[in-house]
Amino acid sequence: MRSLFSLFLFLFAAVATAISASGNRLLAILDNVAEKENYSKFFGDLESRGFQISVEAPKSESLALFHLGERSYDHIIFFPTKAKGLGPNLTPNLLVDFMNAQGNILIALSSDLPTPNSLVSLLAELDIQLPADRTGLVVDHFHYDASSAPDKHDVLLLAPPSALRPDVKDFFGTGAGPDDAIAFPRGVGAVLGSSELLTPVLRAPRTAYSYNPKEQAEAVDDLFAAGEQLSLVSAFQARNSARFTLVGSAEMLQDKWFDAEVSKAAAGEKKMAKTFNREFAKRVSGWTFNEIGVLRVNWIEHHLDEAGATNESNPNIYRIKNDVKYTISLSEYAWTAWNPFTLPGDDALQLEFSMLSPFHRLPLALDAAHSSDSASAYSASLKLPDQHGIFNFAVNYKRPFLSNLEEKNTVSVRHMAHNEWPRSFVISGAWPWIAGLGVTVAGWLAFCALWMYSAPVGGKRETKKTQ
Amino acid sequence: MRISQCIAPALLLLAAGAAQAASAWGFDDGSISVVAKKSAETVKEKLNQKAPLSKPVSLGNTDTLKLSLTAKDNGKGKRPHQAFLVIQEQDSGLEAPFPLTVKETGKAAVQISHKDLPIQLLLSAKPLKAFVVLASFGSAQGLSTPVFEVKIETDANAPPPAYEEPLRYGKKPEIQHVFRADAKSPPKVISLFFALAVLATLPALLIGWIYLGGNVNHLSKAIGPAPLSHATFFGSIVAMEFVFFMYYTSWNLFQTLPVIAVISAATVLSGTKALGEVQSRRLAGER
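Fair warning: this is a prediction, and the values are worked out from it, not measured in the lab.

## Overview of the packing of helix H6 (residues 431-453) of chain A against helix H5 (residues 227-249) of chain B
Axis angle and axis distance: for two packed helices, these are the angle between their axes and the distance between the axes, and together they describe the pair. Contact geometry of H6(A) with H5(B) gives a least axis separation of 11 Å together with a crossing angle of 175°. Judged by the inter-axis angle, H6(A) sits roughly antiparallel to H5(B). Of the residues in H5(B), those in contact with A:Val441, A:Leu445 and A:Cys448 of H6(A) are B:Phe234, B:Ile237, B:Val238 and B:Glu241. Its residues placed into classes, the contact of H6(A) with H5(B) shows 6 nonpolar, no polar and 1 charged.

Next comes the structure, spelled out in structure tokens:
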């Protein structure tokens, strides 16, 4: 236990200086360096958070995602490029390998430039669908910025997102004022498949739709998607917790939309508002690059919880129907430090005690006695099932936007030893049988005494016998 | 394109002065009809953009719902860019948009039947809400208004469409292990009664023996010639029962066996003499 603690302190000290929970080497793919100027505030924010940004053109010769089998970068961000393909160093295969090696990717699209083939294939691999022929523009005639797009309606103004479900933590919209709006200029909307790994971060309003400005300028006959089916910013988290974010509009990350003045076209009257883009861009990039929503297991402990027993930590074997206590300590990384992890309102951290299938699935409750400033402990007490075998204490905590936790601790559960059952004299049903034993013993002793020491009665029989 | 971009703001300025608030999309001549494939009977209803139909329209599995209307911008027939019929499930808010085919004059129509609707909407228990959305570029105010409700009639003979909800990460239902029931004993009174009944057989046996003339009168006669062996022999029988008692209460097998070995040796050694004495009494005719 003590060594665990010191290891944990050491880890904590090592991580306190890092910025992202998983490294700070960021690769930005841009057509040319001059274009970087448009995103200077966004890049400035990233640099101030400690990222080392290397800018590369997509077809650059020197670009390599892997060096000697190890990732050369921790995160990649793609900005729209004019090229149709991204060259041999950024094939979809390599990008999938990069994610398999726990690298994170953020892709920003634009409706002005068609999406490169490589990225379309990667998106298809992740079950994200883009409009046909890689060109689409999202417009909304009801929620647009009346000052910059009074006629074309292609700058959408969206309310900052709220929590996806009551049991999911809201990482992206918290703290936004009621008048704040996210500007989504000239962007592409995507349709998400039904995979559990995909989560929409920002959905289009009910009245928005996507159309092809080249072919459907007059009327929309064939609809790609409309309303809330259109996901403007989408998140994907792989099973290995590698993160992927698709931002439909790269322009929303540009300087001119950070803290810009926009006017909502609400029912004729104009209402000025400030954009929430800077904070939103910080949160989206922070989530993608493992600065928020990263969970860590500090330690796991389970022990026999019975009066009079030794109750040592993490034994390998228990008996059926033992009372056992299980405790797990979790931390959540938020921007600069590991904090105690608190469950969102309706959610539950669940412990499964399983052999093939769970026998118990119990909620773990916050255990303040074992929590600290940087970790919170959750514990549950349970009575082991009356089935012997090899069991797992399993915590499988997978939630949208939080990195995946899958912890298994294997223990044997033995059956009752013969001397652990209640004695027969305690069982009332056994009393007649015990009485029978006693009677037999006493009767046998009496018979022995009688057989050996009884004098004959009558005494006249010996004449018969000696004949 | 460039020219139109320059002209548009100018036009807008003009329009703004003339009718900024009044410019809005609307529709006229709206109607829906439900055409049944088999019976060819048609239900037709007029639509009003101000108020939705009071009764839901029912749509059977072979029926086709036709909606037609004339889109108007400020009273003039015109083609809007966005002309959708949006069908919404009331509980989840899930929506399916159907674009209308619109002519230059603003005449628009759309047909939907069961196969066009997503399965989640088909399975809805409540009537579906239908909205008409008309809007376009420029300053004209768009229209998004509920116009009618559709009740989905499924075929009672056909199996309902199967729909499996996709997996979503979240908490799972709690499981409490159901333990097997403990072994049960009969009521204590009954056990006690039979235990006493069993115990009562011992006095009955002894009384029976005494009645038949059983006695221990030869004890002194037996002890006389072989005092040590008789005491040891009978003592070893009692001790053996005591060992069995200790084995039942606390000893294990490895504590029991050596003691049994010792006692049985004593039994054999003393038994030959003691039983020899008993035999001598029998031969003497005293038994």
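That covers the picture; the talk isn't over yet.
## Observations concerning the domain arrangement of chain B
Taken domain by domain, chain B comprises domain 1 (23-152), domain 2 (185-215) and domain 3 (216-287). Measuring from the centre of the C-alpha atoms in domain 2 of chain B to the corresponding centre in domain 3 of chain B gives 26 Å.

## Things to note about the sheet that holds strand S26 (residues 389-399) of chain A
Residue and element names in this part refer to chain A. Read from one edge to the other, the open sheet built from 5 strands follows the order S19-S27-S26-S22-S23, with strand pairing classed as mixed. Strand pairing shows two members of the sheet lacking a second neighbour, strand S19 (317-319) and strand S23 (357-363), which therefore form its edges. In this sheet, adjacent strand axes meet at a mean angle of 30° when their direction is disregarded.

## Here's the deal with helix H3 (residues 92-100) of chain A
Side chains of residues three or four places apart in an α-helix project in the same direction, reflecting 3.6 residues per turn. All names here are of chain A. Here H3 has its buried residues at Leu95, Phe98 and Met99. Down the axis of H3, the sector holding all buried residues measures 95°, keeping them to one side. Facing away from the buried side of H3 by over 90 degrees, the exposed positions are Asn93 and Asn100. Contacts made by the buried residues of H3 are with strand S4 (70-71), strand S5 (75-78), strand S6 (104-108), helix H4 (117-125) and strand S15 (243-247). At the exit of H3 stands Gln102, carrying a positive phi of roughly 65°.

## Some remarks on the pairing of S15(A)
Residues and elements named next belong to chain A. Burial of S15 is extensive: 5 of the 5 residues sit out of reach of the surface. Strand direction decides the pairing type here: S6 and S15, joined by 4 bridges, are parallel. If you follow Ile105 over to S15, its bridge partner there is Phe244. Here strand S14 (residues 231-237) folds back onto S15 in antiparallel fashion, the turn holding 5 residues, of which Ser241 has a positive phi close to 70°.

## Let's talk about the UniProt feature "transmembrane region" (unreviewed entry) in chain B
Residue and element names in this part refer to chain B. Under the feature "transmembrane region" (unreviewed entry), the UniProt entry names residues 189-212 and 224-247. Within residues 189-212, the helical portion is 96% and the strand portion 0%, while the C-alpha atoms at the span's ends are 35 Å from each other. Between the first and last C-alpha atoms of residues 224-247 the distance is 35 Å; the span itself is 88% helix and 0% strand.

## Comments concerning unusual backbone geometry
Residues and elements named next belong to chain A. The phi dihedral of Asp127 falls on the positive side, at around 70°, and the residue is not glycine. For Asp127, the position within the fold is in the loop between H4 and strand S7 (128-129). In this structure Asp127 comes out as partly exposed when scored by C-beta crowding, with 14 C-beta atoms within 10 Å. The backbone phi angle of Arg186 is positive, close to 45°, even though this residue is not glycine. Topologically, Arg186 is positioned in the loop between strand S10 (182-185) and strand S11 (191-192). Residue classification places Arg186 among the buried positions, given that 21 C-beta atoms sit within 10 Å.

## Focus on the nonpolar core
The biggest cluster of nonpolar side chains holds 122 residues, and the ones touching the most others in it are A:Ile107, A:Ala108, A:Val138, A:Ala183, A:Val247, B:Leu134 and B:Val150. Take this core: its biggest share by element is 7 residues, from strand S10 (residues 128-135) of chain B. Once residues within four sequence positions are removed from consideration, A:Ala108 is found in contact with A:Phe78, A:Phe79, A:Pro80, A:Val247, A:Ala250 and A:Leu253. Ranked by size, the runner-up nonpolar core spans 23 residues in total, among them A:Tyr326, A:Ile328, A:Leu384 and A:Tyr397.

## Details of the interface of chain B and chain A
Taken together, the contacts link 65 residues of chain B with 58 residues of chain A. Where the side of chain B that touches chain A is concerned, the elements lending two or more residues are helix H1 (2-19), strand S6 (82-88), strand S7 (95-99), strand S8 (101-102), S10, helix H3 (188-211), helix H4 (219-223) and H5 of chain B. For the side of chain B that touches chain A, the leading source of residues is H3(B), giving 12 residues. Of the residues in the side of chain B that touches chain A, the class split is 33 nonpolar, 21 polar and 11 charged.

## Quick look at the UniProt feature "domain: Ribophorin II C-terminal" (unreviewed entry) in chain B
Look at the UniProt record and you will see "domain: Ribophorin II C-terminal" (unreviewed entry) annotated at residues 179-282 of chain B. The span residues 179-282 of chain B carries 79% helix and 0% strand; its end-to-end C-alpha distance comes to 65 Å.

## Comments concerning the UniProt feature "transmembrane region" (unreviewed entry) in chain A
The sites that UniProt annotates as "transmembrane region" (unreviewed entry) are residues 430-453 of chain A. Measuring from the first to the last C-alpha atom of residues 430-453 of chain A gives 35 Å, for a span that is 96% helix and 0% strand.

## Some thoughts on the domain arrangement of chain A
Residue and element names in this part refer to chain A. On domain assignment, one finds that chain A holds domain 1 (20-290) and domain 2 (294-419). Facing 14 residues of domain 1, the contacting portion of domain 2 comprises 13 residues. Per-class residue counts for the side of domain 1 that touches domain 2 are 7 nonpolar, 4 polar and 3 charged.

## Here we look at the confidence of the model for chain B
All names here are of chain B. Chain-level statistics for chain B give a pLDDT mean of 83 and a share of 91% at 70 or above. Confidence over residues 1-21 falls short of pLDDT 50; this stretch has 10 contacts with residues more than four positions distant or in other chains. This complex was scored by the predictor with a pTM of 0.80 and an ipTM of 0.76.

## A closer look at the environment of A:Trp257
Relative to the elements of secondary structure, A:Trp257 occurs in the loop between S15 and strand S16 (261-266). Put simply, A:Trp257 and A:Asn277 are 20 residues apart on the chain and 6.6 Å apart in space, counted from C-alpha to C-alpha.

## Comments concerning the sheet that holds S15(A)
All names here are of chain A. Across the sheet, which stays open at both edges, the 7 strands sit in the order S2-S1-S5-S6-S15-S14-S12 with mixed pairing between neighbours. Strands with a single pairing partner mark the edges of an open sheet, and in this sheet they are strand S2 (52-56) and strand S12 (198-203). Going from strand to strand, the sheet's axes swing by 15° on average, the running direction of each strand aside. Here S14 pairs with S15 via 5 bridges, running antiparallel. If you follow Phe236 over to S15, its bridge partner there is Phe244.

## Notes on the packing of H5(B) against helix H6 (residues 253-283) of chain B
Residue and element names in this part refer to chain B. Remark: H5 packs on H6, axes separated minimally by 8 Å, with the N-to-C direction vectors making an angle of 155°. With respect to each other, H5 and H6 are oriented roughly antiparallel. Where H5 crosses over H6, the handedness of that crossing is left-handed. Packed against H5, whose contacting residues are Ser229, His230, Thr232, Phe233, Ser236, Ala239, Met240, Val243 and Tyr247, the element H6 presents Thr256, Val259, Ile260, Ile263, Ala266, Thr267, Ser270, Gly271, Lys273 and Ala274 at the interface. Tallied by class, the residues present in the contact of H5 with H6 amount to 10 nonpolar, 8 polar and 1 charged.

## Observations concerning the environment of A:Ala183
Residues and elements named next belong to chain A. Considering the arrangement of structural elements, one finds Ala183 in strand S10. Using a count of 27 C-beta atoms within 10 Å as the deciding quantity, one classes Ala183 as buried. In this structure Ala183 touches Asp145, Val155, Leu157, Met252, Trp257, Ala260, Val262, Thr275 and Asn277, once residues within four positions along its chain are discounted.

## Observations concerning the confidence of the model for chain A
A low pLDDT score tells you not to read the predicted coordinates there in detail. Residues and elements named next belong to chain A. Scored by pLDDT, chain A has a mean of 86; 93% of the residues are at 70 or more. For chain A, helix H7 (residues 462-466) is the element with the lowest average pLDDT, namely 45, and strand S22 (residues 350-355) is the one with the highest, namely 94. Confidence drops under a pLDDT of 50 for residues 9-18, and excluding neighbours within four residues, the segment shows 5 contacts in the predicted structure. Here residues 460-467 is modelled with pLDDT under 50, and outside its nearest four sequence neighbours on either side it reaches 3 contacts, counting other chains as well.

Calculation notes
Residues numbered from 1 in each chain as written. Chains lettered and ligands numbered in written order. Predicted model: local features only at pLDDT ≥ 70, side-chain atom pairs only at ≥ 80, totals over all residues. Axes fitted to C-alpha atoms, helices over the stretch in contact; angles between N-to-C directions. Helix = DSSP H or I, 4+ residues; strand = E, 2+ residues; numbered from the N terminus. Parallel < 35°, antiparallel > 145°, perpendicular 65-115°, else oblique. Contact = placed C-beta atoms within 7 Å. Nonpolar A, V, L, I, M, F, W, Y, C, P; charged D, E, K, R; others polar. Domains from an automatic or database assignment. Pairing = 2+ DSSP bridges. Buried ≥ 20, exposed ≤ 12 C-beta atoms within 10 Å, placed from the backbone. Arc of directions from axis to C-beta. UniProt positions renumbered as here; feature names shortened; annotations may be inferred. Core = buried A, V, L, I, M, F, W, Y, C linked by C-beta atoms within 7 Å. pLDDT = per-residue confidence, 0-100. Left-handed = near helix turned anticlockwise from the far one by under 90°.

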